[in-house]
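Results of the structural survey
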Amino acid sequence: MKALLSRFAQMVFVLWIVATILFLIFRLMPGDPTAAYIDTTFTEEQQRQLRAAFGLDQSLFKQYILFITNAAHGEFGESFHHRKPVIDLLLEVLPNTIVLTLTSIIIAYIFGVLVGAWLAWNRGSRAEAFVVPTVLALRAAPEFWLGMVLLATLGFGLGWFPSGGANEAGAAYTSEWSRLFSLDFLHHLTLPALTLALYLQGLPLLLMRSNMLDVMHEDFVMMARMKGLPEWVIVLKHAARNALLPVVTAFAIGIGQSIGANVVVESVFSWPGLGKLLVASVAASDYPVAQGAFLLIAIVLVGMNFVADLLYALLDPRISHGARR
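From a predicted model like this one, the values you see are computed outputs, not experimental measurements.

With that settled, consider the overall build of the protein. Scanning the protein from terminus to terminus reveals 15 helices and 0 strands. With the principal axes as the frame, the protein shows a C-alpha extent of 90 × 60 × 40 Å. A buried classification covers 41% of the 325 residues belonging to the protein. Considering only contacts in the protein between residues 6 or more positions apart, those separated by 24 or more positions represent 74%. Accessible area of the protein: about 17,900 Å², with a carbon and sulfur share of 68%. Counting 21 positive and 22 negative side-chain charges, the protein places the centres of these two groups 12 Å from one another.

With that settled, the discussion passes to the pattern of salt bridges. Under the criterion given, the structure shown has 3 salt bridges. In this structure, Lys-84 engages Glu-92 in a salt bridge whose closest nitrogen and oxygen atoms are separated by 2.7 Å. Lys-84 sits in the partly exposed class, given a relative accessible area of 31%. Here Arg-209 and Glu-128 are joined by a salt bridge, their closest N and O atoms 2.6 Å apart. Taken together, the residues span a long stretch of sequence, with Arg-209 in helix H9 (residues 202-215) and Glu-128 in helix H5 (residues 126-140) at a distance of 81 residues. Given a relative accessible area of 18%, Arg-209 falls into the buried group. Taking relative accessible area as the criterion, Glu-128 reaches 9% and is therefore assigned buried.

Here the focus is the nonpolar core. In terms of nonpolar packing, the biggest core is built from 41 residues, with Trp-121, Met-208 and Met-212 touching the most fellow members. Every element with two or more residues in this core is listed here: helix H4 (86-121), helix H6 (143-157), helix H8 (183-200), H9, helix H10 (219-226), helix H11 (231-243), helix H12 (245-268) and helix H14 (287-315). No other element matches H4, which puts 8 residues into this core. Beyond its immediate stretch of four places on either side in the chain, Met-212 contacts Ala-117, Ala-120, Trp-121, Val-235, Ala-239, Ala-240 and Ala-243. Core analysis: the next-biggest nonpolar cluster, separate from the first, contains 26 residues, Ala-71, Val-86, Leu-90 and Ala-293 among them.

What follows deals with the confidence of the model for the protein. Looking at the protein, the pLDDT average stands at 81 and 91% of residues meet or exceed 70. Element-level mean pLDDT values for the protein span from 53 in helix H15 (residues 317-324) up to 90 in H8.

This part covers the environment of Ala-240. Of note, Ala-240 is situated in helix H11. By relative accessible area, Ala-240 is classed as buried at 7%. In this structure, the C-alpha to C-alpha distance between Ala-240 and Met-216, residues 24 residues apart in sequence, is 9.1 Å. Every residue in contact with Ala-240, bar those within four places of it in the chain, is listed here: Met-208, Met-212 and Val-235.

Running from amino to carboxyl end, H4 crosses helix H13 (residues 274-283) at an angle of 135 degrees, the nearest separation of the two axes being 8 Å. When the axes of H4 and H13 are compared, the pair comes out oblique. Residues Leu-89, Leu-90, Val-93, Leu-94 and Thr-97 of H4 touch H13, and the partners they reach there are Leu-274, Gly-275 and Leu-277. Of the residues in the contact of H4 with H13, the class split is 6 nonpolar, 2 polar and no charged.

Here the phi dihedral of Ser-270 falls at roughly 50 degrees; this positive angle occurs in a residue that is not glycine. Looking at where Ser-270 falls in the secondary structure, it is placed in the loop between H12 and H13.

Basis of the calculations
- Residues numbered from 1 in each chain as written.
- Predicted model: local features only at pLDDT ≥ 70, side-chain atom pairs only at ≥ 80, totals over all residues.
- Heavy atoms only, no water.
- Helix = DSSP H or I, 4+ residues; strand = E, 2+ residues; numbered from the N terminus.
- Buried < 20%, exposed > 50% of the residue type's maximum accessible area, 1.4 Å probe, protein only.
- Contact = heavy atoms within 4.5 Å.
- Areas by Shrake-Rupley, 256 points an atom, 1.4 Å probe, with all protein chains shown as cover.
- Lys, Arg positive; Asp, Glu negative; His and termini not counted.
- Charge placed at Lys NZ, Arg CZ, Asp CG, Glu CD.
- Salt bridge = Lys/Arg side-chain N within 4 Å of Asp/Glu carboxyl O.
- Core = buried A, V, L, I, M, F, W, Y, C linked by side-chain atoms within 4.5 Å.
- pLDDT = per-residue confidence, 0-100.
- Axes fitted to C-alpha atoms, helices over the stretch in contact; angles between N-to-C directions.
- Parallel < 35°, antiparallel > 145°, perpendicular 65-115°, else oblique.
- Nonpolar A, V, L, I, M, F, W, Y, C, P; charged D, E, K, R; others polar.

What follows is the structure, encoded as structure tokens:
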């Protein structure tokens, strides 16, 4: 329990540091965030009232205290550009980002674990000589390049998938769930999810292959072979099961990292998610939205690291015993 509270306190401290940096970065950027909304016909009094409405007439310290206090209560203020509460804007696009992230990372890790285990069991085969360099090339390739190649071939070239967006223009649904499970949404989801899955599958595949190569020399695997168990039983039930621990923790951390890394893919495919909203808000100097989006990404990333620590301690008792000492 003490170790758990310590990790939680560290998580809160990291988020406070991130929130402070975010506040200072956007306040120290050059330019007036209200410049885009002040018409040339505005009087000095009207300009002053507009800045006061957004709280920009207060001292930097007062703005900081207000920002930290509101952020702790889940309030990020009102968007300069959309004139709507930031939390509403974030909640509008968050489902799209969550579905895109979970779909791509689940596909990547299922593929990576199965193929990594198979490659380790068939080490030295022709398939390994082809697959490993291909995986490394996909991992090294920039996400935007992968996305543009898929967009050019499967989207514009063959016309199999739409080039952008999450739904057809004008489509109406009775609820958010009906929209997320509609064929139209899944059709639009395919290309961005495939891009992210191709990029993400390298880590679990190589991690699983490396762990399997170590586990295959353990005594319990040799004992299973001496019992005459089928090869697939030895691979799945004995070797792969013990090689999964680092992959499980990498999966938890990968979710947090992918939420932040979706910025590029969402921009390439015009996917209406958190990343696309973040890019647009930074370009428009919309401080509240940019701060809220960055902070939400940081919360997910730090939170998933916390979950990974818990999983590691749960799956490997040696970690917990070491903490007690």
